[in-house]
Amino acid sequence: MTLEAIVENTGEVVRTESFRTTQPVMQYVIITRLMGFKDDLAADGYEVRV
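Residues numbered from 1 in each chain as written. Predicted model: local features only at pLDDT ≥ 70, side-chain atom pairs only at ≥ 80, totals over all residues. Heavy atoms only, no water.

*Asks:* Help me understand the overall build of the protein chain, please; the structure alone is not making it clear to me.
*Replies:* Within the protein chain, the regular secondary structure consists of 1 helix and 2 strands. Reading the protein chain from its N terminus to its C terminus gives the helix and strand order β-β-α. Summarising its shape, the C-alpha atoms of the protein chain cover approximately 35 × 15 × 15 Å along the three principal directions. Of all 50 residues assigned to the protein chain, the portion counted as buried reaches 10%. Intrachain contacts of the protein chain at a sequence separation of at least 6 include 33% that bridge at least 24 residues. As presented, the protein chain carries roughly 4,300 Å² of accessible surface, and 50% of it is formed by carbon and sulfur atoms. Averaging the coordinates of the 5 positive side-chain charges in the protein chain and doing the same for the 8 negative ones gives two points 6 Å apart. (Helix = DSSP H or I, 4+ residues; strand = E, 2+ residues; numbered from the N terminus. Buried < 20%, exposed > 50% of the residue type's maximum accessible area, 1.4 Å probe, protein only. Contact = heavy atoms within 4.5 Å. Areas by Shrake-Rupley, 256 points an atom, 1.4 Å probe, with all protein chains shown as cover. Lys, Arg positive; Asp, Glu negative; His and termini not counted. Charge placed at Lys NZ, Arg CZ, Asp CG, Glu CD.)

Rendered as structure tokens:
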């Protein structure tokens, strides 16, 4: 799974995070990773929309 943050006006990719697993991933794990990804972007001053 790959999370990408793209600046809406320019299309620039400002952050990417990938993770792989050989086991089924529980939904809460994905949500936790997504929330952390969003929080990091907000801390950097980006407005985040999913």
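*Asks:* What should I look at first to understand the pairing of strand β2 (residues 13-18) in this one?
*Replies:* A regular strand places its side chains so that they alternate between the two faces of the sheet. Judged from the 5 bridges that link them, strand β1 (residues 2-6) and β2 form a sheet pairing that is antiparallel. When the bridges of β2 are listed, isoleucine 6 appears paired with valine 13. Connecting β1 to the next strand, β2, in antiparallel fashion are 6 residues, including glycine 11 with a positive phi near 75 degrees. (Pairing = 2+ DSSP bridges.)

*Asks:* I keep staring at the environment of isoleucine 30 and nothing clicks. Help me out?
*Replies:* Structurally, isoleucine 30 is set in helix α1 (residues 27-43). Isoleucine 30 has contacts with Met1 and Val25, leaving out every residue within four places of it along the chain.

*Asks:* Is there a simple way to explain the pattern of salt bridges in this structure?
*Replies:* Two side chains with opposite charge may pair up if their charged atoms get near one another. Under the counting rule described, the total for this entry stands at 4 salt bridges. Between glutamate 17 and arginine 33 there is a salt bridge whose closest N-O contact spans 3.0 Å. Residue glutamate 17 is located in strand β2, and its partner arginine 33 is located in helix α1; the two are separated by 16 residues in the primary sequence. A salt bridge links glutamate 47 to arginine 49; the nearest nitrogen and oxygen atoms lie 3.8 Å apart. For glutamate 47, a relative accessible area of 68% corresponds to the exposed category. Under the relative-accessibility criterion, arginine 49 is labelled exposed at 60%. A cluster of three or more residues bridged by salt bridges with shared partners is formed by Glu8, Glu47 and Arg49. (Salt bridge = Lys/Arg side-chain N within 4 Å of Asp/Glu carboxyl O.)

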